[in-house]
Amino acid sequence: MISSAMRLCREHEAPESYTAFRRLLVERPVLTGGDMFEVATDLLLYPVRELVEQIYQRVPDSFCRDGAYVTCARCLTLLVPLTDGGWWCERDRCRRQGQPPPGRTLRADETGALWQLSRPLRQFVTGPGRAEAYLERELRALRLPVEMWPGFDAYDLRITFPDGWVWAVDVKDWAHPGLLGQAATEVRQQPPYDEACWVVPRYRVDARPDYLRVYARNRTPAAGGLPLLTDRQLVAAAHARLRGDTGPTGRLTQADGDTSANGAFDA
């Protein structure tokens, strides 16, 4: 589906439409009838309109309790009601953090029909995309220009500093650091950048403290020394660079597989 969206947007020479499509999947995995009308009439999404109709599916009644649906405040996806009165979130990250926090309450008699993304897209696009959204929000708070999924998804974030220095960032939400290291390859050179890295959500390192070291140990020559940072390390490195540090703490290579740096970078 992602490849199809990319092809359609390329055919229309509309990179902004591809960005809008990716943002839709990350930020709006659940749509009401009114939301669906808004999406259907969004000119930015015109090249992928038929694709959007395919990937959103009617929500079954099993998600409804007492005439209402509830989303997860962390993941934005629908929670599953449990027989004991609690809720279950399909994202493993939420389950590790304890009970899922209820987000929006969508009453069936007010919203009418409800749609959600198909399960594979919720799992492999919406879920990891929350880490991308977090980085965008934190970096924009620093007043840094951030371009999302540039060059038809050449990488995930393109960050430009006031002096013109550019970082290219790809977010990888993988459970196994060894497999991630074996899969590492250099980030594509277009759009151009000065430094590049992969980023993993910090919760993966919290769950496995040797995550960065295992990645570095398994990284192949094809990666060209590609560093791996946590999302918090990246934000802290951006802080340091904005303060004028272009040395170790303001460069992406600082935390290359070195978890001893975590404390210095933690936000």
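Refer to the preceding data block for the structure.
The structure reproduced in this document is the subject of the present report.

Here is what the cut-offs are and how they apply
- Residues numbered from 1 in each chain as written.
- Predicted model: local features only at pLDDT ≥ 70, side-chain atom pairs only at ≥ 80, totals over all residues.
- Heavy atoms only, no water.
- Buried < 20%, exposed > 50% of the residue type's maximum accessible area, 1.4 Å probe, protein only.
- Helix = DSSP H or I, 4+ residues; strand = E, 2+ residues; numbered from the N terminus.
- Pairing = 2+ DSSP bridges.
- 1 Å grid on protein atoms, 1.4 Å probe; cavity = no way out; pocket = protein on both sides within 12 Å on 5 of 7 lines; lining within 4 Å.
- Points joined across faces, edges and corners; volume = space filled by probe spheres on them.
- Nonpolar A, V, L, I, M, F, W, Y, C, P; charged D, E, K, R; others polar.
- Core = buried A, V, L, I, M, F, W, Y, C linked by side-chain atoms within 4.5 Å.
- Contact = heavy atoms within 4.5 Å.
- Salt bridge = Lys/Arg side-chain N within 4 Å of Asp/Glu carboxyl O.

## Re the pairing of strand E3 (residues 68-72)
Stage number 1. Within E3, five of the five residues are buried, leaving the element largely enclosed by the surrounding structure.
Stage number 2. As paired elements, E3 and strand E6 (residues 102-107) share four bridges and run antiparallel to each other. The partner of Val70 across the bridge, within E6, is Thr105.

## Some words on empty space enclosed by the protein
Stage number 1. Summed over all chains, the structure comprises one cavity of 30 Å³ or more.
Stage number 2. The calculated volume of the largest cavity comes to roughly 40 Å³.
Stage number 3. Lining the largest cavity are Arg23, Val26, Glu27, Gly129, Glu132, Ala133, Glu136, Met148 and Trp149.
Stage number 4. Looking at which element gives the most residues to the lining of the largest cavity, the answer is helix H7 (residues 119-141), with four residues.
Stage number 5. Residues belonging to the lining of the largest cavity are distributed by class as follows: four nonpolar, one polar and four charged.

## A closer look at the nonpolar core
Stage number 1. By size, the foremost hydrophobic cluster in this structure holds 46 residues, and its most contacted members are Leu139 and Leu234.
Stage number 2. Apart from the residues lying within four places of it in its own chain, the contact partners of Leu234 are Leu135, Leu139, Ile159, Trp167, Val169, Cys197, Val199, Leu229 and Leu252.
Stage number 3. Residues Tyr155, Ala196, Val205 and Leu212 belong to the second largest nonpolar core, which totals 18 residues.

## Some remarks on the pattern of salt bridges
Stage number 1. Under the defined criterion, the tally for this structure stands at 17 salt bridges.
Stage number 2. Across the pair Glu132 and Arg22 runs a salt bridge, and its minimum N-O distance is 3.9 Å. Of the two residues, Glu132 is situated in helix H7 and Arg22 in helix H2 (residues 15-27); the sequence distance between them amounts to 110 residues. Residues Glu132 and Arg22 agree in their burial class; the two are buried.
Stage number 3. For Arg23, the salt bridge goes to Glu136, with nearest N and O atoms at 3.0 Å. Note that Arg23 is positioned in helix H2 and Glu136 in helix H7, a separation of 113 residues in sequence.
Stage number 4. The class for Glu136 is buried, based on a relative accessible area of 9%.

What is shown is where atoms sit, not what they do.
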